[in-house]
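Tertiary structure, described
In case you want the letters, here they are:
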There are 4 protein chains.
Amino acid sequence: MTTKPSLRFGRQMVAIPGPSIIPDRVLEAFSRPMPDLYAGPIVPDATEVREQLPGIARTEGECFIVIGNGHSAWQMATSNTLAKGDKVLVLEAGRFATVWGTYTAVSDIEVETLEGDDRSAVDPAAVEAHLAADTNHEIKAILVAHVDTASSVRNDIAAIRRAIDAAAHPGLFMVDCIASMGCEEFLMDEWGVDIAVAGCQKGLMVPPGVAFCWAGEKAAAAHARADQRVGYFDWVSRRDMSNMYSYYAGTPPIAHIRGLKEAFSIIEEEGGIEAVWHRHAVLADAVKAAVAAWSAPGGMEFNITNGANRSNCVTTVLTGDLDHEAMRAMADHQAGLTLGLGIAGIPGFRIAHMGHLNPPMLLGTLGTIEAVLHASGSSPADSGVAAAAAVIGANL
Amino acid sequence: MTTKPSLRFGRQMVAIPGPSIIPDRVLEAFSRPMPDLYAGPIVPDATEVREQLPGIARTEGECFIVIGNGHSAWQMATSNTLAKGDKVLVLEAGRFATVWGTYTAVSDIEVETLEGDDRSAVDPAAVEAHLAADTNHEIKAILVAHVDTASSVRNDIAAIRRAIDAAAHPGLFMVDCIASMGCEEFLMDEWGVDIAVAGCQKGLMVPPGVAFCWAGEKAAAAHARADQRVGYFDWVSRRDMSNMYSYYAGTPPIAHIRGLKEAFSIIEEEGGIEAVWHRHAVLADAVKAAVAAWSAPGGMEFNITNGANRSNCVTTVLTGDLDHEAMRAMADHQAGLTLGLGIAGIPGFRIAHMGHLNPPMLLGTLGTIEAVLHASGSSPADSGVAAAAAVIGANL
Amino acid sequence: MTTKPSLRFGRQMVAIPGPSIIPDRVLEAFSRPMPDLYAGPIVPDATEVREQLPGIARTEGECFIVIGNGHSAWQMATSNTLAKGDKVLVLEAGRFATVWGTYTAVSDIEVETLEGDDRSAVDPAAVEAHLAADTNHEIKAILVAHVDTASSVRNDIAAIRRAIDAAAHPGLFMVDCIASMGCEEFLMDEWGVDIAVAGCQKGLMVPPGVAFCWAGEKAAAAHARADQRVGYFDWVSRRDMSNMYSYYAGTPPIAHIRGLKEAFSIIEEEGGIEAVWHRHAVLADAVKAAVAAWSAPGGMEFNITNGANRSNCVTTVLTGDLDHEAMRAMADHQAGLTLGLGIAGIPGFRIAHMGHLNPPMLLGTLGTIEAVLHASGSSPADSGVAAAAAVIGANL
Amino acid sequence: MTTKPSLRFGRQMVAIPGPSIIPDRVLEAFSRPMPDLYAGPIVPDATEVREQLPGIARTEGECFIVIGNGHSAWQMATSNTLAKGDKVLVLEAGRFATVWGTYTAVSDIEVETLEGDDRSAVDPAAVEAHLAADTNHEIKAILVAHVDTASSVRNDIAAIRRAIDAAAHPGLFMVDCIASMGCEEFLMDEWGVDIAVAGCQKGLMVPPGVAFCWAGEKAAAAHARADQRVGYFDWVSRRDMSNMYSYYAGTPPIAHIRGLKEAFSIIEEEGGIEAVWHRHAVLADAVKAAVAAWSAPGGMEFNITNGANRSNCVTTVLTGDLDHEAMRAMADHQAGLTLGLGIAGIPGFRIAHMGHLNPPMLLGTLGTIEAVLHASGSSPADSGVAAAAAVIGANL
């Protein structure tokens, strides 16, 4: 597409939907030598991190930290609550709730899917209808993603809860917040979520390696009938707070504990998780203004058709007749911007706007995409980055 | 014990048996920003790390990397090979094989224990007798630690294999190499080990967070009858090398992949894993010479009575009438040396000599222990550090 | 000006005209332990750095590295070439050539100034006239800044050389390239510059602490009559390449040698210094397009009136009736962008675009300034960041 | 000398007399991105560092920080106080006072030398005699090293002051504390020192790049007659504390300011500079006990014959018939210990024991030297490291 000299020789801007950009303080925490495991700051740091986690999901329930990725937290959620032959209902919308379902299937859980698509959110009315039909309550858990990292849809968790309640269904409501936690408003207790899971590498700003499982009372109670428990994930010994070996089921993740401590301090300095949500909302509005300005027949458009379901942490963009692979390559190699691939067969790219992000970073991302549009011979009628700067300006 | 001014104001020497001392290059790898996940150096780095792992355990078999600690690798070993109601035989010697057994018990595996103690190794003859009595072959797996981090015993894995063979027993032979891998000679295929597990944070010189499960053909074949499989740990999808998401069951551990790459490069530069084993053997001989010199009635002595079973990576020392807690505190706060706690009720301390370690580090550790002995009013008749320096000298 | 929640919680963008943004690789080099000084990689690294320096200024002459800041390089230039009572001609334009003059005055050098102002470049014709009048050749050196960091003017060095030649004046032509080296095209030999000086902390991308003095044959010859030589700065012993102690006049700057090695590797990877100049030219065009778009009566305007004299590394912007202090504060605290102060009494701010910089970083800077303009109630008629993105797009 | 496998694969112990071992916190400070220069923490940090410096030398006088190495501080000392044609008296003992003299000679200062040698300290009686003979007071300054890094001699500064006073000589008393500052007791005011100079890279634990010049009232007064002032080094503008540009004569050394802040915090945590001196005294006693134990006819011996003049920061050891180059090479490549070269023609090696050092580091160094002695076929009759451990033990 080009043989011009590359302009990328600055700090590469990596705008992929996770791992997100890690704050310097967290990277510094990752580079420290290993300490005494039984004494010194690591012990209170581990406690502090653990105690801060429920607040991030706005719950009075427990939160377990597992050394693993987001999928390990999926596993912790189901292996502590389900029994062989149980049925789960996957609420499809994009890709990841479905993959979660396949993980449960390995343990001989029956997976039923409320079908959805790649461009829209779960329909709460359909959920209600489906559950109402489950008169024997064979469905033991309902699995959904808050935000799907592939399609960038945001499901309305509160509305889905109301649908479950309307059907008077007792299934555990399990929400994958891997993309959304620390970005989108999430009120676990108020919304009636029984289990939420997340990883550390997106809104929580720490390199991948630990994951979280928040569990409310109903989930804790379900443990009694779980018959496929897994020692490594089991909640029973992990509730023993007397030492880190119990809580972490073995050697604790030193670097991650330190990184989380730094990340949570940054959240505190920002003004708490509500301030973080506010910043993501403003920055997402700027992205949406930019993509709206760029949108054109045969060209770019939002993957998610209903504006109310576009997430505040990632935006999947379809590229129509444009060559999205060439655009990504040009942004990456010529300009120093790494955009997310379209995955799950969605033809376009993904702009991440999660975690450690501020106006210069975001406007730089959007400005560079606009430059690539110009270079691709698709100069937009209106400037997206100008529209985004106006949105930011209105919020300074 | 003291009110003298502390002399600890240099680099703290942390000689605990894991996490071990991390090389600067590995710490630097941990401090890098997150990359594009789908392109760039992380992709070949992940492949390279994966391909180097079998050689480290001297096997032609597979090695799976799991984001987790050593206990997660225990879990991977058993959940891929056992069925509900199976029986495992734990070969007790020190603490950790027994704990491994308790993890399997959570999944309704029956645990039988060949009793041992805290001061000696597993007796191969007893293993043979026990297995010979299992005429129905109800025991499906034999669990043992190569080196027990608590007692510092090293079991004779080759001899135990011979005992299993002498009993013509078909059980899977599973060895916990968490303390020993990358320190002690370990010949998985030659010794007939079916599954070996390890973590990254001891001999492999990377902060805790990933673990390894090496599996030979017999173990791979056992997967067919495993009926309590766990999606996160399951070998089937992890064999799909086409992308890191399959291999790692989700988001890959970026920092750890980079750290392992550096650690394995260091091993390569040293001359390969045999050179690493040689260095550990020499350094361990130095430790043993020092402890022998210090040993006195009512004073210090080796926890492991039989010299042939003292490991090359950690040495547990009993302290007799000495106040080991006061000694540890003095070493730590006054001199800048952190020794390992005696755990599992063993009254003494542990000297780690694993991983990234050379003569100045080890002799500094031993010299400081000797200084603490002097300060404790227990000056040894012979100098341990002088004896250790002589051993090193003979190997330069 | 605002009580809205701050949006700055990402990586702070520091766009001040030095120290510039340091590449991660250079920061990593700064964090390494100290090595053996007499052996190992530091010795060839020091040689390699030294040998690369002449090429960066496009000279066949020598380059001396001095531990110090840019002012120490000023000092090295004059103390090696001038004698007590000599006269120097300062070509005023902005601030820094004048300050250089005051440094020479401390050593009883007479300073004559060709007066200039804060908004324009040195006039070559005036230089010619001034020097032609110096019939006794009392002026021994002509001092000028290539780019003045305060006013952001770029002087036409080649044209000034032609003026000196037209006056047939023998004075040494000394050029301060502190702001410009590694950003702007600079052809020391072709342009007939006798001495050039620079620091490491702007275009050369290393934290402040070393400076450079390039000297051509005529400068080297002038050393013979210098009668106020300074041991630390003296070229004689520094020409002894046999060991670093001579070359650096004492202990070498380990961290900076390593940092320069990394920085020069990055320049090499980009395609050499010409590629670096090209990138700066494109990015500067983008800045100029943005400021042009924002310019308005009573509002923002370029400090340098003649477009041909606006530098490629920093742009000083006057802010008219706008409150530049409030704008800087808002950018800094609300949005995460640190702009340069207007210094030397120039009422406005400075946008740095030097060194390790690419489109996302620059467009982020410009977009954020535009957001601040909106927030200040001064929405521009045309979008500057959109104009800048178009310029970048035309060069991808 | 050996073809055995190397045992060096741990953290290399670099025991050269500067740059010394840098604390992790200081290295971390060196790796941070550049900040706003005009606001934020760097401004109070710079002030704090400046204000802590007089206390480190125990003076009520001023301290100037110069970006440069120790030699730049030599230069600052003399260029602010001497005039062309002045005479200085160099008190020779080892190498560095003499080199300081050669730096002044470049500026046409006449250098007179009170001859000394490589194995002993300056004789105060000889100083008194020499100065008493200077009846016209042509000598304007007396230059001496507190500790000479080459010979490892420690001169008795208080006694030399008494000698100057006994001769009623008005010359400025200038002391090079480059090796000793932050290691050896130094009481500038009490001992009547007029100027002291040091670098940051030894006892003060920061990578090389800044140096210090402490000046008392008499030195400050001498500035009036200095006629070879140098703008970069001049005290006048550097007294302007209103901004860092004046104080640092240009761009401030960001990384070093941050590093010094961390280093001074560590000194504070240790209990202040007296505690640091105490630790060095104890560790030096351990070194002396070790070298005494190793000493043998035709073998190792102290370079400094009088025990009272052996420094607390470096010990130069003569190696007799032993091959010191082979010993250094073996320590370095086989064992991971880098010893200092013998310089200035002194046939042996130097053991540094300065700065960030504790018992494990020092005993590791000594134990490894002992191992090398064994490997060299020169096993000592008594163990040096055992003797050193006993000294440490007596001080825990």
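Placed above this text is the structure.
These remarks concern the structure in this document. On a predicted model such as this, the values are computed, not experimentally measured, just so you know.

For the rest of this paragraph, the subject is the interface of chain D and chain B. Each side of the interface is counted separately: chain D has 49 residues, and chain B has 49 residues. Between chain D and chain B, a total of about 3800 Å² is buried, with carbon and sulfur atoms accounting for 68% of that surface. In terms of surface lost to chain B, no three residues of chain D exceed D:Leu7, D:Phe9 and D:Leu396, which account for 24% of the buried area on that side. Summed over the shared surface of chain D and chain B, the result is two salt bridges. Ionic pairing is found between D:Arg11 and B:Asp24, a salt bridge with its closest N-O pair at 2.6 Å. For the pair chain D and chain B, the number of links is 15 residue pairs in polar contact (both at pLDDT 80 or more). Top element by residues in the side of chain D that touches chain B is helix 14 (residues 359–375) of chain D. It accounts for twelve residues. Here the residues of the side of chain D that touches chain B sort into 24 nonpolar, 17 polar and eight charged.

Our focus in this paragraph is helix 12 (residues 273–294) of chain B. Counted at 1.5 Å a residue, the expected span for helix 12 of chain B with its 22 residues is 32 Å, and the 32 Å between its end C-alpha atoms agrees. By the criterion of burial, helix 12 of chain B is predominantly enclosed, with 16 of the 22 residues buried.

Residues and elements named next belong to chain C. Where helix 13 (residues 359–375) meets helix 14 (residues 384–393), the axes come as close as 8 Å, and the angle between the chain directions of the two elements is 160 degrees. What the angle tells us is that helix 13 and helix 14 run roughly antiparallel. Once helix 13 is placed against helix 14, the crossing between them reads as right-handed. In this structure, helix 13 uses Pro359, Leu363, Leu366, Gly367 and Glu370 to contact helix 14, whose residues at the interface are Gly384, Val385, Ala388, Ala389 and Ile392.

Attention shifts here to the relation of the copies chain A and chain C. Turning chain A through 180 degrees and shifting it by 0.0 Å along the axis lays it on chain C, with an RMSD of 0.0 Å. What the superposition gives is, in effect, a two-fold axis relating one chain to the other. Taking the C-alpha atom as reference, chain A places A:Gly364 closest to the rotation axis, 1.8 Å from it. The overlap is high: 100% of the interface residues of chain A also sit at the interface in chain C, so the same surface is used on both sides.

Parameters and conventions
Residues numbered from 1 in each chain as written. Chains lettered and ligands numbered in written order. Predicted model: local features only at pLDDT ≥ 70, side-chain atom pairs only at ≥ 80, totals over all residues. Heavy atoms only, no water. Contact = heavy atoms within 4.5 Å. Buried area = accessible area lost by both parts, 1.4 Å probe. Salt bridge = Lys/Arg side-chain N within 4 Å of Asp/Glu carboxyl O. Polar contact = N/O pair within 3.5 Å; in protein donor to acceptor, adjacent residues only side chain to side chain. Helix = DSSP H or I, 4+ residues; strand = E, 2+ residues; numbered from the N terminus. Nonpolar A, V, L, I, M, F, W, Y, C, P; charged D, E, K, R; others polar. Expected span 1.5 Å × (residues − 1). Buried < 20%, exposed > 50% of the residue type's maximum accessible area, 1.4 Å probe, protein only. Axes fitted to C-alpha atoms, helices over the stretch in contact; angles between N-to-C directions. Parallel < 35°, antiparallel > 145°, perpendicular 65-115°, else oblique. Left-handed = near helix turned anticlockwise from the far one by under 90°. Least-squares fit on C-alpha atoms with pLDDT ≥ 70 in both.

Function cannot be read off these values alone, since they describe shape.
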